[in-house]
Amino acid sequence: MPSSASGQKIAFLGTGKIGEALLSGLLRAGTDPADVLVTARRPERAAELAERHGVTAVTNAEAAKLADTLILAVKPQDMGTLLEELAPHVAPDRLVVSAAAGIPTAWFEERLAAGTPVVRVMPNTPVLVDEGMSVISGGSHASEAHLERTEAIFRSVGKAIRLPEAQQDAATALSGSGPAYFYFLVEAMTDAGILLGLPRQVAHDLIVQSAIGASIMLRDSGEHPVKLREAVTSPAGTTIAAIRELENHGVRAALLGALEAARDRSRELAGGGK
Ligand SMILES: NC(=O)C1=CN([C@@H]2O[C@H](COP(=O)(O)OP(=O)(O)OC[C@H]3O[C@@H](n4cnc5c(N)ncnc54)[C@H](O)[C@@H]3O)[C@@H](O)[C@H]2O)C=CC1
Ligand SMILES: O=C(O)[C@@H]1CCC=N1
């Protein structure tokens, strides 16, 4: 287990949407709540988290003293303020893991005591259902043991792979933001069901189950997505009529542009920017 079996304490600094999703996943995976600390900007939020998950609410400075692994999950724009408060309290034997989009490990290394190991991770919200995709890159002081400790945490809530840090902005565009694109598609396709006269709940159920079935086939069949799509696309049939509309509206080009925009935005956040 990520923390309790190794006797290590993990602190979440900034426990918002992704922080709480990760925290709940770790607890489901068997981490002892006594080994988990949380911090929040508002005391009421910290108390709520402690009550809901049975973990301990602490200040950022206390987290730095008490925890072996510090998972920083504030917005990139808030990372500068957090580091100003935190850095004086972080001994270089702590592992600092940032889940923030855009910000490079070097940025943290400049602000922390010399030699402090930093690992950058881009997770995604399906960690809530143990189907997360996390991409891990080590900074210049992160050892194999630090990377393994980080992998153990993120593998308890889904898949985790290592990539060179230069590919983190692209990974953020693909898997970090990725779930949002699928939700957007489901929302639009459900609206299409309404246009075709179906009740909203029926339209939702038809699309969600189709998405689940298609996802499992993509994962388990080993087939290329083109093959899977061709198997649905009968000659002179319904699917090709829809595909023509998607191509007419440049949906493929829109996706290329959308993910490039997400990658560019991640790059812009490199300095914790606005
Ligand atoms: N939401 C997502 O799907 C993903 C988010 N991320 C990254 O995770 C980070 C957090 O994103 P979200 O959870 O979406 O944002 P969020 O706004 O839900 O959570 C951030 C939390 O940090 C707290 N916070 C801010 N400053 C603080 C401080 N000094 N001390 C303690 N707590 C503080 C805020 O009150 C808030 O609860 C971002 O850096 C984002 O790039 C990464 C992967 C996926
Ligand atoms: O939208 C964002 O900036 C964050 C990072 C990846 C997913 N959500």
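The rules behind the values
- Residues numbered from 1 in each chain as written.
- Chains lettered and ligands numbered in written order.
- Predicted model: local features only at pLDDT ≥ 70, side-chain atom pairs only at ≥ 80, totals over all residues.
- Helix = DSSP H or I, 4+ residues; strand = E, 2+ residues; numbered from the N terminus.
- Buried ≥ 20, exposed ≤ 12 C-beta atoms within 10 Å, placed from the backbone.
- Contact = placed C-beta atoms within 7 Å.
- UniProt positions renumbered as here; feature names shortened; annotations may be inferred.
- Near = placed C-beta within 6 Å.
- Nonpolar A, V, L, I, M, F, W, Y, C, P; charged D, E, K, R; others polar.
- Core = buried A, V, L, I, M, F, W, Y, C linked by C-beta atoms within 7 Å.

Colleague: Quick question: what am I supposed to make of the overall build of the chain here?
Modeller: Scanning the chain from terminus to terminus reveals 12 helices and eight strands. Projected onto its principal axes, the C-alpha coordinates of the chain cover approximately 65 × 35 × 35 Å. With 274 residues in all, the chain has 35% of them scored as buried. When contacts within the chain are restricted to residue pairs at least 6 apart in sequence, those whose partners lie at least 24 apart make up 65%.

Colleague: Which parts of the structure should I look at to understand the UniProt feature "domain: Pyrroline-5-carboxylate reductase catalytic N-terminal" (unreviewed entry) in the chain?
Modeller: Mapped onto this numbering, the UniProt entry annotates "domain: Pyrroline-5-carboxylate reductase catalytic N-terminal" (unreviewed entry) at residues 9-102. With 44% helix and 19% strand, the stretch residues 9-102 has end C-alpha atoms that lie 26 Å from each other.

Colleague: Looking at this structure, how should I read the site of ligand 2?
Modeller: Surveying the vicinity of ligand 2 reveals the residues Ala 101, Thr 172, Gly 176 and Ser 177. Its residues placed into classes, the shell around ligand 2 shows one nonpolar, three polar and no charged.

Colleague: Sorry if this is basic, but what is going on with the site of ligand 1 here?
Modeller: Taken together, 25 residues lie near ligand 1, and Gly 14, Gly 16, Arg 41, Ala 100 and Ala 101 sit nearest. Within the residue set of the shell around ligand 1, elements represented by two or more residues are helix 1 (17-28) and helix 4 (76-86). The leading source of residues in the shell around ligand 1 is helix 4, at four residues. Its residues placed into classes, the shell around ligand 1 shows 12 nonpolar, nine polar and four charged.

Colleague: Looking at this structure, how should I read the nonpolar core?
Modeller: Nonpolar side chains tend to gather and get buried jointly when the protein is soluble and globular. Judged by nonpolar contacts, the single largest core of 52 residues is most densely connected at Leu 13, Leu 70, Ile 71 and Leu 72. The element best represented in this core is helix 1, accounting for five residues. Those residues in contact with Leu 72, other than ones at most four positions away along the chain, are Leu 13, Gly 14, Met 79, Leu 82, Val 96, Val 97, Ser 98, Ala 99 and Ala 100.

Colleague: Please clarify how the UniProt feature "domain: Pyrroline-5-carboxylate reductase dimerisation" (unreviewed entry) in the chain should be interpreted in this entry.
Modeller: When the UniProt feature table is mapped onto this chain numbering, "domain: Pyrroline-5-carboxylate reductase dimerisation" (unreviewed entry) sits at residues 165-269. Along residues 165-269, the helical share is 81% and the strand share 0%, with 15 Å between the first and last C-alpha atoms.

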